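Each chain, letter by letter, is given below.
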Amino acid sequence: QVQLVESGGGLVQAGGSLRLSCAASGRTFSIYAMGWFRQAPGKERNFVAGITWRGSSTDYADSVKGRFTISRDNAKNTVYLQMNSLKPEDTAVYSCAAVRGGAGVRKREYEYEVWGQGTQVTVSS
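Residues numbered from 1 in each chain as written. Predicted model: local features only at pLDDT ≥ 70, side-chain atom pairs only at ≥ 80, totals over all residues. Heavy atoms only, no water.

What follows covers the pattern of salt bridges. For the coordinates displayed, the defined rule picks out seven salt bridges. Residue Arg 38 is joined to Asp 90 by a salt bridge in which the shortest nitrogen-to-oxygen separation is 2.9 Å. Of this pair, Arg 38 sits in strand 4 (residues 32–39) while Asp 90 sits in the loop between strand 8 (78–83) and strand 9 (92–100), and the two are 52 residues apart along the sequence. The exposure class assigned to Arg 38 is buried, which follows from its relative accessible area of 13%. (Salt bridge = Lys/Arg side-chain N within 4 Å of Asp/Glu carboxyl O. Helix = DSSP H or I, 4+ residues; strand = E, 2+ residues; numbered from the N terminus. Buried < 20%, exposed > 50% of the residue type's maximum accessible area, 1.4 Å probe, protein only.)

In C-alpha cells, the structure reads:
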C-alpha cells in the first residue's frame, strides 16, 4: 500500500495560484486512482478533483471547474493540483487520497483507501 505526503500549501492572495503536490511511496503508484479533497473549518470534507490511474479521465467539483487542474506523473509517483484564480472560499486543508485500480474517477470519501495528512491553503481577500 502506498503512503501519501502532500506539499505546496500556503498563504496566497485572492486571484493568485498555488500548486499542490502529493508524493506517493511504493512501486505500484501507477495503479492507484487519485483524488484531492478539502475541509474548511467547521465543515465536512468535500471532493475537489480526481484522476484515474492512467490519467485518462479527470473530474472536478463544480466550484473549482475551470480554475483547478489535476494531473499525475507516474514516473515521479506524484499527483498535482494546480489551483488558479483562488478565492477566499477555497481556504481549507487539502488532502490527497488513493485507491487501487477500478474504473472511473472516485468522488466519495469512502471509495478511497489511503489518505495523506493534508496541507493548509489559506486565501486572503
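Read on, since the account is not over.
The next subject is the environment of Trp 53. By the element assignment, Trp 53 lies in the loop between strand 5 (45–51) and strand 6 (58–60). Of the residues examined, Trp 53 reaches a relative accessible area of 31% and is grouped as partly exposed. Expressed as a C-alpha distance, the spacing of Trp 53 and Ala 98, which sit 45 residues apart in the sequence, is 9.4 Å. Apart from residues no more than four positions distant in its own chain, Trp 53 is found in contact with Ser 30, Ile 31, Tyr 32, Ala 33, Arg 72, Asn 74 and Gly 102. (Contact = heavy atoms within 4.5 Å.)

Every regular strand shows the same layout, with side chains that alternate between the two sheet faces. Going residue by residue along strand 7 (residues 68–73), you find Phe 68, Ile 70 and Arg 72 tucked away on one face and Thr 69, Ser 71 and Asp 73 left uncovered on the opposite face. Pairing of strand 7 with strand 8 involves six bridges; the strand directions are antiparallel. Note on strand 8: the bridge partner recorded for Phe 68 is Met 83. Hairpin geometry of strand 7 and strand 8 is characterised by an intervening segment of four residues between the two adjacent antiparallel strands and by a positive phi of about 50 degrees at Asn 77. (Pairing = 2+ DSSP bridges.)

A few words on the packing of aromatic side chains. If you walk through the whole model with that rule in mind, you get four aromatic pairs. Cluster of aromatic residues (ring-pair linked, three or more members): Phe 37, Phe 47, Tyr 112 and Trp 115. One Lys or Arg, Arg 45, reaches over the ring of Trp 115 and ends 3.8 Å from the middle of that ring. (Phe/Tyr/Trp six-rings, centres within 6.5 Å; stacked < 30°, edge-to-face > 60°. Lys NZ or Arg CZ within 6 Å of the ring centre and 35° of its normal.)

Glancing now at the sheet that holds strand 7. Taken in spatial order, the four strands make up an open sheet running 1-3-8-7, and their pairing is antiparallel. This sheet does not close on itself; its edge strands, each paired only once, are strand 1 (4–7) and strand 7. This sheet shows a mean twist of 15 degrees between the axes of neighbouring strands, independent of strand direction. In this structure, strand 3 (residues 18–24) lies alongside strand 8, joined through six bridges in antiparallel fashion. By the bridge assignment for strand 8, Cys 22 is matched with Val 79. (Axes fitted to C-alpha atoms, helices over the stretch in contact; angles between N-to-C directions.)

Not every positive phi belongs to a glycine, and Asn 77 is a case in point at roughly 50 degrees. For Asn 77, a relative accessible area of 19% puts it in the buried group. Of note in the backbone geometry, Ser 85 takes a positive phi value of approximately 50 degrees without being a glycine. By the element assignment, Ser 85 lies in the loop between strand 8 and strand 9. We classify Ser 85 as partly exposed; its relative accessible area is 42%.

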